[in-house]
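Architecture and fold: a report
One letter stands for each residue in the lines below.
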Amino acid sequence: INSFELLPNEDYNREGATTQNITDAWVYIDGNYQGCYEMPATIPVLEKGIHKLTLYPGIKLNGISGTRTFNPFYKPFEIENYEFTEGKFDTVSPTTHYYTKDESPNMVFRIEDFDNNHGIFFNPTNDSDTSIIRTTIDDTLAWHSIHSNYSGVIHIGDSLNYCCVATDTLLGLPHNGGYTFLELDYRCDVEFEVGMYANISSTINRIDLVYVKPSDAWKKIYINLSPTLNENSSARYFKVFLAAAVADTLSADLYFDNIKIVYRD
């Protein structure tokens, strides 16, 4: 298995862009777990004859190699009658897609792609020196595709040394033990932080989640919001924030796009 392909969405307005960072294949034969393999991988199999082969697309939660899991919002790749032949090497090229409305009608996407009005908006917090703005049409560093002409960009420096932007109030996020993912595409000159604000008894608690290293190329990360939601189940609402800072003599640009909160209602 060389790689997993994430197929184009059936409904861009529902699911957003098909950027992905699928690193692993979780292998099952006749429903029996065979192992998790980082791709590209050559996988030894002891079975012979006709069997059902299932491959789940795997990711690194929070960008950490030690927290690998298969993505519960991507459909597994299945071959009902796969023939295993002793001594034979074969190549499988799996594909996946977000579960469709028919396959999983309770899946919810909250998206900010800086091109369309999807329902997540980022605003500066009270202690922020600056804000996130939409790129210009000719910004070559922005993420461009058939659906995208703009990204969000934050400039810090020149006495505006700290930025923290937070989403609008997020109501109705699940805290029943199921996964809630924040998907985020980024290219940034400096490290940034992802966290959450939880309103509990009219007190705003700041919860630090992940520090993301800088990258001069576009990358994708999947951040697991579930533990925070479950541990703060009494919260009236949540907000997700992005924060970064530089020293007085430095400056940096941080680009973001295809921001999604994905869960099952």
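Everything that follows concerns the structure shown earlier in this document.
In this text the structure is predicted, and so the values were computed from the model without any measurement.

Observations concerning empty space enclosed by the protein
A complete count under the given rule lists one cavity of 30 Å³ or more for this structure. Lining the largest cavity we find Ile-154, Cys-163, Phe-192, Leu-242, Ala-243, Ala-244, Leu-254 and Phe-256. Mapped by element, the contributors of at least two residues to the lining of the largest cavity are strand 17 (237-245) and strand 18 (252-264). A total of three residues in the lining of the largest cavity trace back to one element, the largest contributor, which is strand 17. For the lining of the largest cavity, the per-class residue count stands at eight nonpolar, no polar and no charged.

With respect to the pairing of strand 13 (residues 180-188)
By the criterion of burial, strand 13 is predominantly enclosed, with nine of the nine residues buried. Burial along strand 13 is two-sided: the residues Thr-180, Leu-182, Leu-184, Tyr-186 and Cys-188 and Phe-181, Glu-183, Asp-185 and Arg-187 are all buried. Pairing of strand 13 with strand 18 involves eight bridges; the strand directions are antiparallel. From the neighbouring strand, Phe-181 faces strand 18, where its bridge partner is Val-262. Relative to strand 16 (residues 215-224), strand 13 is paired through seven bridges, and the arrangement is antiparallel. Across the sheet, Phe-181 pairs through a bridge with Asn-224, a residue of strand 16.

Some words on the sheet that holds strand 17
Working definition: the strands of a sheet are paired by backbone hydrogen bonds and lie parallel or antiparallel to each other. If you walk across this open sheet you meet the five strands as 9-12-17-14-15, and the pairing is antiparallel. Looking at strand neighbours, the two that pair on one side only are strand 9 (122-124) and strand 15 (203-212), the edges of this open sheet. Neighbour-to-neighbour, the strand axes of this sheet turn through a mean angle of 30°, independent of strand direction. Sheet topology note: the strand 9/strand 12 (residues 162-167) ladder contains three bridges and is antiparallel.

Side note on the layout of surface pockets
Considered as a void within the structure, the largest pocket measures approximately 570 Å³ in volume. Taken together, 24 residues line the largest pocket, and the ones lying closest to its centre are Ile-43, Val-45, Lys-88, Phe-89 and Asp-90. Mapped onto the lining of the largest pocket, the elements with two or more residues apiece are strand 4 (49-60) and strand 6 (77-84). Ranked by residues supplied to the lining of the largest pocket, first place goes to strand 6 with three residues. Taken together, the residues that form the lining of the largest pocket break down as 13 nonpolar, five polar and six charged. In this structure, the second largest pocket spans a volume of roughly 310 Å³. Along the wall of the second largest pocket there are 17 residues; nearest its centre are Asn-62, Gly-63, Ile-64, Tyr-186 and Ile-221. At the level of secondary structure, the elements contributing two or more residues to the lining of the second largest pocket comprise strand 15 and strand 16. Ranked by residue count, the leading element in the lining of the second largest pocket is strand 16, at four residues. Here the lining of the second largest pocket is built from residues that sort into eight nonpolar, five polar and four charged.

As for the side chain of Thr-228
Looking at the secondary structure, you find Thr-228 in helix 2 (residues 226-231). Under the relative-accessibility criterion, Thr-228 is labelled buried at 6%. Ignoring anything within four residues of it in the chain, the contact list for Thr-228 reads Met-196, Ile-207, Leu-209 and Phe-238.

Focus: the packing of aromatic side chains
For the structure on display, the rule yields 14 aromatic pairs. Plain terms: the ring middles of Tyr-179 and Phe-181 are 5.1 Å apart, the flat faces sit at 55° to each other, and that makes the pair tilted. Its relative accessible area of 33% is what places Tyr-179 among the partly exposed residues. Residue Phe-181 is classed as buried on the basis of its relative accessible area, which comes to 0%. Taken together, the ring pairs connect Trp-26, Tyr-28, Tyr-33, Tyr-56 and Phe-70 into an aromatic cluster. The ring of Tyr-222 has Lys-220 sitting right over it, with the charged end atom 5.7 Å from the ring centre.

What counts and what doesn't
Note that residues are indexed from 1 along each chain, following the sequence as it is written. Residues qualify for local features only when their pLDDT is at least 70, as the model is predicted, and side-chain atom pairs are given and counted only at 80 or more; totals for whole chains, interfaces and linings, by contrast, use all residues. Calculation of side-chain values draws on the structure's entire complement of heavy atoms; hydrogens and water are dropped beforehand. Of the two site types, the cavity is a set of points on a 1 Å grid over the protein atoms alone where a 1.4 Å probe fits but cannot get out, and the pocket is an open set with protein on both sides within 12 Å along at least five of seven lines, each lined by residues with an atom within 4 Å of a point. Grid points are joined across faces, edges and corners, and a volume is the space filled by probe spheres set on the points. A helix here means a DSSP run of H or I that spans at least four residues, while a strand means a run of E at least two residues long, and both kinds are numbered starting from the N terminus. Amino acid classes used here: Ala, Val, Leu, Ile, Met, Phe, Trp, Tyr, Cys and Pro are nonpolar; Asp, Glu, Lys and Arg are charged; the rest, including Gly, are polar. Burial classes follow relative accessibility: with a 1.4 Å probe on protein chains only, a residue under 20% of its type's maximum area counts as buried, one over 50% as exposed, and anything between as partly exposed. When DSSP locates at least two bridges between a pair of strands, those strands are taken to pair. To get an axis, fit a line to the C-alpha atoms, keeping to the stretch in contact for a helix; angles then go from 0 to 180 degrees between the N-to-C directions. Note on contacts: a residue pair is in contact if any heavy atoms of the two residues lie within 4.5 Å. Two aromatic rings, drawn from Phe, Tyr or Trp (for Trp, its six-membered ring), form a pair once their centres lie within 6.5 Å of each other, and the interplanar angle then sorts them: stacked below 30 degrees, edge-to-face above 60, tilted otherwise. Geometrically, a charge over a ring is one whose NZ (Lys) or CZ (Arg) sits within 6 Å of the ring centre while staying within 35 degrees of the ring normal.

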